[in-house]
Amino acid sequence: MCISNKIGPPVEGEDFFGREKEIRKANRLLDSNHSLLLSAPRRIGKSSLAKRLIEEKKQQGWKCVYIDLEETTTEEGFLRLVIEAFKENGIWKQLAEGMSKGLVSVLDRIEKISLGPVDLNIGKREEQEDLYKNLKELIKHDEDTFIVVDELTLFLGILNKSENGAEKVAFILNWLRSLRQVSKTNVRWLFCGSVGLRNFTSAMNLGYTINDLMEFGLGELSREEAEGLLSGLCKSEDMEMGEELINYTLDKLHWNIPYFIQVIFSKLAEEYEDEVTKESIDIAYNKLCSENYLSTWSERLSEYREFEVPARQILKSLSTQPAGMERDAMLNILMTGQDASKVEEIDYLLSKVLEMLENDGYILKMDSIRAFRSPLLRDYWFNKFVQ
Ligand SMILES: Nc1ncnc2c1ncn2[C@@H]1O[C@H](COP(=O)(O)OP(=O)(O)OP(=O)(O)O)[C@@H](O)[C@H]1O
Ligand SMILES: [Mg+2]
């Protein structure tokens, strides 16, 4: 077996390449009882890394759970996902003598939920609080357990817009925090998603609900890993690609995240006849700029809500300026057509937008200049939204 070309879903098993240093670091933190916040740009390999950690921890005998909150938009849906995933992986306690009536009835509901749709009855605040409290007590805190919650910010952002959204968000974040605060708990958590969780919670004065989490970053692949991934993919398809061409490709991508390597490889493989050349690499790159592989970067800007339009204005201008732009020039763009008295307000808006775009990996700050982090993304943007 060897690595195969996968573009889109998280990669697992043989298809997962590299990241040894990050895995060692995460293991060290988890083994010393830390819970983690994996904050990293889009498509950098967060979910794949989380799944790999789950595989490793399972082999060490830990109980593991992966919950993808992209699958739900409601509080009820959130609870259902948690209840089912915990049930499937043996996280809930068994029925035992001496258990309170409340716990027995919640255990009964857990059983039923796993058999089919059951009303969770969380309409009333007291009933809901009781349910969360009982669920907390039903978790086996004494066993080594690893729970990954993917796309938490995305889910909370949607929930926040529903009726009484802010209250629901605060409740869930506080509940999750209280699970981590149980004395001598052996349950460790990993929350992943875009970096937004810190921004999101601090904007809602809920920063304290996640301040026990250890920040865990994930960047591009090291040059050695990037070379290894590209040459591994070539081998799997019996494609010849010497060191010089591998370097030419990686230099052209510049920001070597595994997704970009996988997508450019897929284009090269599509056109491959009997050799790869610099020209065929250029053609593959240009195709990426005109096709939809990178559309996720545009689509996901909708999560920026009121910041989406200014973010698009900034990205559009930056895509025409490979060398980058000064902050003042960007402010001028946002001020176009605005009353001069709004300059302070718009200046603040610009700071927010730039911070979000930096966190999500769209742009990079070098001294006072901001530019697209990836030439590929920049050329795609130019092609799609300017040309
Ligand atoms: N370790 C890896 N080895 C090989 N390919 C990888 C690796 N990590 C990520 N990829 C590539 O990147 C793609 C996206 O990976 P993944 O879903 O893990 O990223 P993500 O950061 O969770 O993305 P999103 O921001 O969309 O949630 C995969 O389909 C695969 O092409
Ligand atoms: Mg993901």
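Student: Got a sec to walk through the pairing of strand β1 (residues 36-39)? Specific residues and values, please.
Tutor: Neither face of β1 is left uncovered, since the one carrying Leu-36 and Leu-38 and the one carrying Leu-37 and Ser-39 both have all their residues buried. Pairing geometry for β1 and strand β4 (residues 187-193), over four bridges, is parallel. Within β4, the residue paired with Leu-37 across the bridge is Phe-191. Two strands pair when backbone bridges link them, and β1 and strand β5 (residues 214-217) are joined in this way by four bridges, in the parallel orientation.

Student: Tell me what's going on with the pattern of salt bridges, and back it up with residues and numbers.
Tutor: The tally for this structure, following the rule as stated, stands at 25 salt bridges. Put simply, Asp-31 and Lys-57 hold a salt bridge, and the shortest N to O gap is 2.7 Å. Separated by 26 residues along the polypeptide, Asp-31 in helix α1 (residues 20-31) and Lys-57 in helix α2 (residues 46-59) bring together distant segments of the chain. Overall, Asp-31 belongs to the partly exposed group, its relative accessible area being 46%. Among the ionic pairs, Asp-360 bridges to Arg-42, the shortest N-O distance being 3.6 Å. Note that Asp-360 is positioned in the loop between α16 (343-359) and β7 (363-366) and Arg-42 in the loop between β1 and α2, a separation of 318 residues in sequence. There is no split in this pair, since Asp-360 and Arg-42 are both buried.

Student: Can you break down the site of ligand 1 residue by residue, with the values?
Tutor: The environment of ligand 1 is made up of 21 residues, and the closest members are Lys-6, Pro-9, Lys-46, Ser-47 and Ser-48. Ser-48 places a polar side-chain atom, nitrogen or oxygen, 2.5 Å from an oxygen atom of ligand 1. Separating a nitrogen atom of ligand 1 from a side-chain N or O atom of Gln-262 is a distance of 2.9 Å. Expressed as a share of its isolated accessible area of 640 Å², the protein-covered part of ligand 1 is 97%. Each residue belonging to the shell around ligand 1 can be placed in one class, and the counts come to nine nonpolar, five polar and seven charged. Both domain 1 (19-217) and domain 2 (223-290) contribute no fewer than three residues apiece to the shell around ligand 1.

Student: Got a sec to walk through the sheet that holds strand β2 (residues 63-68)? Specific residues and values, please.
Tutor: If you trace the five strands from one edge of the open sheet to the other, you get β2-β3-β4-β1-β5, paired in parallel fashion. Of all the strands in the sheet, the pair left with one neighbour each is β2 and β5. In this sheet, adjacent strand axes meet at a mean angle of 20 degrees when their direction is disregarded. Examined bridge by bridge, β2 and strand β3 (residues 145-150) share six bridges and lie parallel to one another. The residue of β3 that forms the bridge with Cys-64 is Phe-146.

Each value, and the rule that gives it
Residues numbered from 1 in each chain as written. Chains lettered and ligands numbered in written order. Predicted model: local features only at pLDDT ≥ 70, side-chain atom pairs only at ≥ 80, totals over all residues. Heavy atoms only, no water. Buried < 20%, exposed > 50% of the residue type's maximum accessible area, 1.4 Å probe, protein only. Helix = DSSP H or I, 4+ residues; strand = E, 2+ residues; numbered from the N terminus. Pairing = 2+ DSSP bridges. Salt bridge = Lys/Arg side-chain N within 4 Å of Asp/Glu carboxyl O. Near = heavy atom within 4 Å. Polar contact = N/O pair within 3.5 Å; in protein donor to acceptor, adjacent residues only side chain to side chain. Areas by Shrake-Rupley, 256 points an atom, 1.4 Å probe, with all protein chains shown as cover. Nonpolar A, V, L, I, M, F, W, Y, C, P; charged D, E, K, R; others polar. Domains from an automatic or database assignment. Axes fitted to C-alpha atoms, helices over the stretch in contact; angles between N-to-C directions.

No statement about biological role is implied by the geometric values presented.
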